[in-house]
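Residues per chain are reported as follows:
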Amino acid sequence: MAKRSIRIRAVGAVAILALTASCGAIGSRREQPLETFSAQQIYQKAEYELETNRDPEEAARLYGEVERLYPYSEWAKRALIMQAFAYHQDRDYENARVAAQRYIDFYPADEDAAYAQYLLALSYYDQIDLVGRDQGLTFQALQALRTVIERYPDSEYARSAILKFDLAFDHLAAKEMEVGRYYLKRGHYTAAINRFRVVVEDFQTTTHTPEALYRLIESYLALGLDDEAQTAGAILGYNFQGTEWYKDGYSLLRGQGLEPEPRSTGWLRTVYRQMIKGEWL
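- Named according to an unreviewed UniProt entry, the protein is Outer membrane protein assembly factor BamD originating from Rhodovulum euryhalinum.
- What UniProt states about the protein under its Subunit (unreviewed entry) heading is, verbatim, "Part of the Bam complex."
- Regarding the protein, the relevant UniProt record gives this comment under Sequence similarities (unreviewed entry): "Belongs to the BamD family."

See the structure below:
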């Protein structure tokens with residue numbers, strides 16, 4: 001994640017080095033009370049811990065001390081957003097969310113409120129790793145990213161939020177596909193169809209839609225539901241004819257003496273009308 005310009009605005013590198021030379025006691029002689037230092041000095045030491053010592057945990061602690069000792073100062077406001085950043089750098093995502101949310105609550109109209117909301121979203125998004133994990137974090141990331149996009153559309157973070165929103169959305173579709181394939185392999189065709197249907201209906205814009213349609217052909221053929229299999233093939237052929245999924249799906253249908261054509265009267269017929277004919281009512 002790109003480092004915030006707020007740190008550069010507040011304190012330059014020369015100031016940090018000067019402070020380290022003259023006031024190193026904040027870090028090296030813990031017996032000297034923090035109360036003896038100004039808000040700016042503590043803030044600068046936090047900057048030093050973050051930039052030079054690569055110690056985001058200590059930096060977050062010192063940013064918190066700025067707010068505790070000088071709660072109504074301009075430095076306290078700066079320290080709060082930087083505390084959220086430091087916690088995130090330390091992968092302490094829960095505390096990063098807490099600090100970011102406090103900044104949004106205290107300073108909703110401030111220019112860095114957009115960044116606070118973006119940090120809050122990242123604290124969910126950066127925990128999305130394995131498809132097999134519970135998807136609660138993915139939903140929360142989507143909600144927080146949507147807030148960035150809708151509330152701060154002209155901010156420098158909106159574009160990044162849109163890209164991450166699309167990736168998180170794709171992640172949810174991947175989870176549905178994983179479960180659907182699990183059921184399909186074990187012959188639980190109805191359960192598999194329900195999962196692939198979610199992808200086709202709710203995640204049409206993701207990269208998983210072609211495979212979901214192909215898996216629907218497999219599942220419906222296994223159940224002897226030829227009309228549904230043919231309709232899935234028609235949708236697949238119209239939208240993804242150049243893919244391997246269509247070639248394999250077409251071969252499956254032809255192997256049964258069938259053609260990809262819209263014959264279903266069920267939910268796939270509705271999808272066909274929407275995706276191909278543009279009929280939404």
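Some thoughts on the side chain of Thr209
Here's step 1: With respect to the helices, strands and loops of the structure, Thr209 is situated in helix 12 (residues 209-222).
Here's step 2: At 3.5 Å, the side chain of Thr209 and the backbone oxygen of Thr206 are in polar contact.
Here's step 3: Dropping the residues within four chain positions of it, Thr209 is found in contact with Val199, Phe203, Gln204 and Phe240.

Regarding the packing of helix 10 (residues 158-185) against helix 11 (residues 189-202)
Here's step 1: For the pair helix 10 and helix 11, the least separation of the axes is 7 Å and the interaxial angle reads 160°. In terms of orientation, helix 10 lies roughly antiparallel with respect to helix 11. The two elements helix 10 and helix 11 cross, and the hand of that crossing is left-handed. Residues Phe169, Ala173, Glu176, Met177, Val179, Gly180, Arg181, Tyr183 and Leu184 of helix 10 pack against Tyr189, Ala191, Ala192, Arg195, Phe196, Val198, Val199 and Asp202 of helix 11.
Here's step 2: Of the residues in the contact of helix 10 with helix 11, the class split is 12 nonpolar, 1 polar and 4 charged.

A short note on unusual backbone geometry
Here's step 1: Positive phi values are uncommon outside glycine, yet Arg54 reaches one of about 50°.
Here's step 2: Classification of Arg54 by relative accessible area gives exposed; the value is 57%.

Things to note about the pattern of salt bridges
Here's step 1: Here the structure, examined in full by the defined rule, presents 17 salt bridges.
Here's step 2: The salt bridge involving Arg61 is made with Glu58; its shortest N-O contact spans 2.8 Å. With Arg61 and Glu58 both in helix 5 (residues 56-69) and 3 residues apart, the pair spans about one turn of that helix.
Here's step 3: For Lys77, the salt bridge is made with Asp110, and the minimal N-O distance between the two is 2.8 Å.

Let's talk about the packing of aromatic side chains
Ring pairs (aromatic) are described by centroid distance and by the angle formed between their planes.
Here's step 1: Across all of its chains, the model carries 11 aromatic pairs by this definition.
Here's step 2: Consider the rings of Tyr214 and Trp245, whose centres lie 5.4 Å apart with planes at 40°: the pair is tilted. Taken as a pair, Tyr214 in helix 12 and Trp245 in helix 14 (residues 244-255) lie far apart in primary sequence, 31 residues in all.
Here's step 3: Among the aromatic residues, those joined into a ring-pair cluster are Tyr43, Tyr63 and Trp75.
Here's step 4: One cation-aromatic arrangement involves Lys77 over Tyr107; the distance from NZ or CZ to the ring centre is 5.6 Å.

Reading the values: rules and limits
Residues numbered from 1 in each chain as written. Predicted model: local features only at pLDDT ≥ 70, side-chain atom pairs only at ≥ 80, totals over all residues. Heavy atoms only, no water. UniProt positions renumbered as here; feature names shortened; annotations may be inferred. Helix = DSSP H or I, 4+ residues; strand = E, 2+ residues; numbered from the N terminus. Polar contact = N/O pair within 3.5 Å; in protein donor to acceptor, adjacent residues only side chain to side chain. Contact = heavy atoms within 4.5 Å. Axes fitted to C-alpha atoms, helices over the stretch in contact; angles between N-to-C directions. Parallel < 35°, antiparallel > 145°, perpendicular 65-115°, else oblique. Left-handed = near helix turned anticlockwise from the far one by under 90°. Nonpolar A, V, L, I, M, F, W, Y, C, P; charged D, E, K, R; others polar. Buried < 20%, exposed > 50% of the residue type's maximum accessible area, 1.4 Å probe, protein only. Salt bridge = Lys/Arg side-chain N within 4 Å of Asp/Glu carboxyl O. Phe/Tyr/Trp six-rings, centres within 6.5 Å; stacked < 30°, edge-to-face > 60°. Lys NZ or Arg CZ within 6 Å of the ring centre and 35° of its normal.

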